[in-house]
Amino acid sequence: MGEAPVLTATLVGEASSKFTRRFPSTTSIFDTNSCSGAHPTPISLLRLNKKPGSQSAFIRNKCTKLVAKSLISKMAGDEGTPVTADVTSGGMIFGPIIEDGVFRFDCSANDREAAHPSLSFVNGKDRETPIQSQKTPSYIPNFERLLGQQIVKLELPVGTSLYGTGEVSGQLERTGKRVFTWNSDAWGYGSGTTSLYQSHPWVLAVLPTGEALGVLADTTKRCEIDLRKESMVQFIAPSSYPVITFGPFATPNAVLRALSRAIGTVFMPPKWSLGYQQCRWSYDSDKRVQEVTRTFREKKIPCDVVWMDIDYMDGFRCFTFDKDRFQDPKSLVKDLHQNGFKAIWMLDPGIKVEDGYFVYDSGSKTDVWISKADGKPFVGEVWPGPCVFPDFTQAKVRSWWSNLVKDFICNGVDGIWNDMNEPAVFKVVTKTMPESNIHKGDDELGGCQNHSHYHNVYGLLMARSTYEGMKLGNEKKRPFVLTRAGFIGSQRYAATWTGDNLSTWEHLHMSIPMVLQLGLSGQPLSGPDIGGFAGNATPELFGRWVGIGSLFPFCRGHSEKDTADHEPWSFGEECEEVCRLALRRRYRLIPHLYTLFYMAHTTGTPVASPTFFADPKDTSLRKLETSFLLGPVLVYASTAVGQGMDTLQCTLPKGIWMSFDFDDSHPDLPALYLQGGAIIPVGPPHQHVGESNILDDLTLLVALNEHGKAEGVLYEDDGDGYEFLEGGFLLTHYVAELQSSTLTVKISKTEGSWKRPNRRLHVQLLLGGGAMVDIWGKDGEILQLSMPSEQEVSQLVSTSEKQYRTRLENAKRIPAVEVSSAHKGIELSRTPIELKGGDWVTQVVPWIGGRIISMTHLPSGTQWLHSRVDINGYEEYSGTEYRSAGCSEEYNVIERNLEHAGEEESLTLEGDIGGGLVLQRQLYVPKNDPKVFRIDSSIIARKVGAGSGGYSRLVCLRVHPMFTLLHPSESYVSFTAIDGSKHEIGPESNEQFYEGNLMPNGEWMLIDKCLGLGLLNRFDVSQVFKCLIHWGTGTVNLELWSEDRPVSNQSPLRISHEYEVINLS
């Protein structure tokens, strides 16, 4: 049985956690008195028909009382007070909705009535409306209610693989993982981070048979998705919420199509948005923007879009332009358009509190701000300073924002970037606004609720408002919105990216499963910051990342200010050429990508999907993370440093897979394969999408299946606007068939009102090994190609394979250097040392302070320590001053013992801190106590001169670990002091020292109530002079300080301490 957070009692009844297939005693929301064998008659889903206006009146009244009484406590129901005391566990009741095979489950009829409206469904009424269906669920979840939490478990067959859960880091197959849906500003996240920028309470389960089942916990509140137990899905969130299942259906794609009929499909993107996009936080003037775009054209590197971060604003005020650095945005955009570039501009939700600022004034007049529990506008610190935040849960506020956007795009704005919309707030431990804040939401969204109810949908509603504003501004153009925060269903309004990642090989690797996971959760238009946002990529890392990223659905390079330049030409000629080849390849594939997006928009299928989609029954494919599908195209990449495609053995699904390229193969570019039986369209490698013409030559790549047949589609329209909704498009179905040594290629079907362009058609038949034969003709006519003999085919394949090997051997390789080509910033792409032993895995960077940047507890899957390379994490200083000597020096590895024959794995580091002193640190997991991670640190006098009497300067050994808080508002530090007094220290205490008898008596514990876990830190009281607790933004420091004194050879300073994770549930 999975562990539940915030639970102090044992879950009731082991038997209740078991699930049965078609269990006869499970309650259905049907008339149980209907005749045996007859079709059951729905009874209108008991008590669903509320009196008109009754709920809205109640909600408005509740909101008024909350504000009037300044209630800071949670709203009724938000902590999940059970709505029925008589039913606390058992099988869930169900009814069919939407279509055959889709079921809604609730704990009881009363719970069904108490559930809040759906914000994930396109039409919330679809969730409430039963349909006639002969089907019953194949798998029925059980529930328990405990301490206001609704715990739902669904047990599936052994061998089931689990995916989805939206925007998550780490592995593709999610068994063994646990995440929490709570949109969080997660700069520099790691593989163990449990809450990122978006929330998708959704799991896609692929059964051993290849069939698939989708499970949606339809709640906006913080929800735990626990997949730690094999073949078990568990949701824990405040009561009451329904669970929706989709399937089992024959394939994962069928489940995703069914999901899209509930939550909607991705908006149809303008075609230009499929081109490469260049961004950087620090394009701080129109001159710099034009310099960058001009260089793309001069170097003939394809690119369609340039992005403006907050640099363009006047003092970070949204909807304004800096009068000195961006004097004439309309002229800038006009020049960009003439050069083939679109311009996308950032808008954040935080509005500066400043009388005379037109946005603040109009918002205050219209009463649009989120309020505190006392009814006054909430003010939080963000980029401009003190800010207020629009309450997008109200229609009037969405309209107010949309009209601002409408006016804003008159400046030539082509797209809008919504950032910081979790919403992020600075200088608070939770990194967001208080959960007690009040939203005066529309009745159909759930009415007036506190922030804990609407937090996870704030980004979705902001994106919706922005999208609607762009449509208002120009109804003949398709909006393009990119949002950082989102919820399941956000794809209806916006694309997304995977947030503030790092320039490391780990993050390059993670970018593939992250993009795939979003696609498996209904969001097909996503991609990472190519090259990494934080830190400096090496040339090899950047080139490899562009090679892979050029084939993601959303393709954008982005980097942080104060790092090295990350444009494609910033890493030397070899890397520049790899980037040029990669992006030319993308532009050749845009006809295929655009067709995939049309299919995603109309049917709900993903654009990029995991390799196992080619054969869901083949369980050996289900954990592949370095390959993915773009329809029938398989992309196979290397994400390992120093390992190019020339040394990689590709694992392909069963069947026919024909390799191909565009005479552009390179060790740092992925390999491409086309599935047998497929035809894909490709076009010329333009410099930008605007260069393309409907009369361009069209190429069809053809790979025959074992029956000598293939088929494929090409979708074409204006690339923008909405004429395609009125039939203004051309959808062509091509077929190919081999008969008697003749290949016939023709059109089998067309859709849409467009006439076929008068253009040339180039058919290339793939033979294997990259070899092909081709024929030219006119599109629309039947083309026939005479096949070469078997001997000729064999010769063509042999020649092609030889040419492929020669290309790889002669390719100008990107230098494998450890230092980036610029000197700004800190090098992040070196490989940290991994220390693994017992229950712990840690990562150490000797070259900057010997700091520990990651500390992961394996049994709980919890990453207690996660930081950037150049600051924070676990540091040690030689003085009382913050970041005094010891924190940034380069350390040497004195000894490294790998675990062998039962001995512990250990690492000893030493850094010169000047004045004849070294700071020495030994890290290890004791072989007799694998639950403990131990650190022994010393300041040692090595070369203290005799003239000083053998004593050093005054030093203090200051242990400075900064722990990551997964649930800041649910975390505190607990200890018993030397004098016996007990202390529980929460984030509100900010910073406090403890010394003398008030110091912890040898141990203190960081407790996460949500996880039910504590990180226990034991230390030798005789070595510690005082302790410090400092609460930061989403972090806490638990510091140990030695006495402040000189040291000699005979009297070093030492602090020995250890960490252990304690299960408190």
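This write-up is about the structure you can find in this document. (Residues numbered from 1 in each chain as written. Predicted model: local features only at pLDDT ≥ 70, side-chain atom pairs only at ≥ 80, totals over all residues. Heavy atoms only, no water.)

Overview of the sheet that holds strand S32 (residues 657–660)
Moving on, step 1. If you walk across this open sheet you meet the five strands as S29-S30-S31-S33-S32, and the pairing is antiparallel. If you trace the sheet from one side to the other, it starts and ends with strand S29 (608–610) and S32, each paired once. Shown here is a sheet whose adjacent strand axes are inclined to one another by a mean of 35°, direction ignored. (Pairing = 2+ DSSP bridges. Helix = DSSP H or I, 4+ residues; strand = E, 2+ residues; numbered from the N terminus. Axes fitted to C-alpha atoms, helices over the stretch in contact; angles between N-to-C directions.)

What to know about the side chain of aspartate 442
Moving on, step 1. Relative to the helices and strands, aspartate 442 resides in the loop between strand S21 (438–440) and strand S22 (448–450).
Moving on, step 2. Setting aside chain neighbours within four positions, we find aspartate 442 in contact with Thr393, Gln394, Ala395, Arg398, Gly447 and Tyr454. (Contact = heavy atoms within 4.5 Å.)

Observations regarding the packing of aromatic side chains
Moving on, step 1. On inspection of all chains with the given rule, the structure shows 51 aromatic pairs.
Moving on, step 2. Ring centres of tryptophan 369 and tryptophan 400 lie 5.5 Å apart, and the angle between their planes is 90°; this geometry places the pair in the edge-to-face category. Of this pair, tryptophan 369 sits in the loop between helix H7 (358–366) and strand S18 (380–382) while tryptophan 400 sits in helix H8 (residues 395–408), and the two are 31 residues apart along the sequence.
Moving on, step 3. Residue tryptophan 400 is classed as buried on the basis of its relative accessible area of 10%.
Moving on, step 4. Judged by centre distance (4.5 Å) and plane angle (20°), the ring pair of phenylalanine 542 and phenylalanine 571 falls under stacked. Note that phenylalanine 542 is positioned in helix H12 (residues 539–549) and phenylalanine 571 in the loop between strand S28 (556–557) and helix H13 (573–603), a separation of 29 residues in sequence.
Moving on, step 5. What makes phenylalanine 542 buried here is its relative accessible area of 1%.
Moving on, step 6. For phenylalanine 571, a relative accessible area of 4% corresponds to the buried category.
Moving on, step 7. Ring pairing ties together the aromatic residues Tyr312, Phe319, Phe321, Phe326, Trp345, Tyr360, Trp369, Phe392, Trp400, Trp401, Phe408 and Tyr458, which thus form one cluster. (Phe/Tyr/Trp six-rings, centres within 6.5 Å; stacked < 30°, edge-to-face > 60°. Buried < 20%, exposed > 50% of the residue type's maximum accessible area, 1.4 Å probe, protein only.)

Overview of helix H4 (residues 252–263)
Moving on, step 1. Here H4 spans 16 Å end to end across twelve residues, near enough to the 16 Å set by a 1.5 Å rise per residue.
Moving on, step 2. Across the twelve residues that make up H4, a large majority, nine, are buried.
Moving on, step 3. All of the buried residues in H4 are Pro252, Ala254, Val255, Leu256, Ala258, Leu259, Ser260, Ala262 and Ile263.
Moving on, step 4. As for H4, its buried residues are in contact with strand S9 (202–206), strand S10 (212–217), strand S13 (243–249), helix H11 (505–519) and H13.
Moving on, step 5. Positive phi shows up at glycine 264, right after H4, with a value of about 95°. (Expected span 1.5 Å × (residues − 1).)

Looking at the nonpolar core
Proteins that are soluble and globular tend to have nonpolar side chains buried together.
Moving on, step 1. Ranked by internal contacts, the top residues of the largest apolar core, which has 176 residues, are Phe246, Tyr312, Trp345, Phe480, Phe628 and Leu630.
Moving on, step 2. Element by element, the count of residues in this core is highest for H13, at 15 residues.
Moving on, step 3. Listed in part, the 53 residues of the second largest apolar core include Leu835, Leu919, Ile939 and Val973. (Core = buried A, V, L, I, M, F, W, Y, C linked by side-chain atoms within 4.5 Å.)

A closer look at the state of the cysteines
Each disulfide consists of a covalent bond between the sulfur atoms of two cysteine residues.
Moving on, step 1. By the definition in use, this model includes zero disulfides.
Moving on, step 2. With no disulfide of its own, cysteine 387 lies 8.0 Å from the sulfur of cysteine 318, the closest cysteine sulfur.
Moving on, step 3. Note on cysteine 387: relative accessible area 0%, which makes it buried.
Moving on, step 4. The thiol sulfur of cysteine 575 is not disulfide-bonded, and the nearest other cysteine sulfur, from cysteine 579, lies at 4.1 Å.
Moving on, step 5. Judged by its relative accessible area of 0%, cysteine 575 is buried. (Disulfide = S-S within 2.5 Å.)

Overview of the pattern of salt bridges
Moving on, step 1. This model, assessed by the stated rule, comprises 52 salt bridges.
Moving on, step 2. Note that glutamate 1043 and arginine 1045 form a salt bridge whose closest N and O atoms lie 3.0 Å from each other.
Moving on, step 3. By relative accessible area, arginine 1045 is classed as buried at 19%.
Moving on, step 4. Counted as one network, the salt bridges with shared partners bring together Arg104, Asp106, Arg112, Arg127, Glu128 and Asp218. (Salt bridge = Lys/Arg side-chain N within 4 Å of Asp/Glu carboxyl O.)

A few points about the pairing of strand S52 (residues 971–976)
Moving on, step 1. Pairing between S52 and strand S55 (residues 1003–1008): four bridges, direction antiparallel. Bridging across to S55, serine 971 finds its partner in aspartate 1008.
Moving on, step 2. Pairing between S52 and strand S53 (residues 982–985): four bridges, direction antiparallel. The residue bridging serine 974 from the neighbouring strand is glutamate 984, located in S53.

A short note on the environment of valine 102
Moving on, step 1. As for its placement among the helices and strands, valine 102 is situated in strand S3 (residues 102–106).
Moving on, step 2. Residue class for valine 102 comes out buried when judged on its relative accessible area of 0%.
Moving on, step 3. As a C-alpha pair, valine 102 and valine 215 span 113 residues in sequence and 9.9 Å in three-dimensional space.
Moving on, step 4. Each residue touching valine 102, except ones within four places of it in the same chain, is listed here: Gly95, Pro96, Ile97, Ile244, Thr245 and Phe246.

Quick word on the packing of H12 against H13
Each pair of packed helices can be described by the angle between their axes along with the distance between the axes.
Moving on, step 1. It is the contact of H12 with H13, at a shortest axis distance of 8 Å, that shows an interaxial angle of 5°. Relative to H13, H12 is oriented roughly parallel. Contact residues: Pro539, Phe542, Gly543, Val546, Gly547 and Gly549 in H12; Cys575, Val578, Cys579, Ala582, Leu583 and Arg586 in H13.
Moving on, step 2. The residue inventory of the contact of H12 with H13, partitioned by class, reads eight nonpolar, three polar and one charged. (Parallel < 35°, antiparallel > 145°, perpendicular 65-115°, else oblique. Nonpolar A, V, L, I, M, F, W, Y, C, P; charged D, E, K, R; others polar.)

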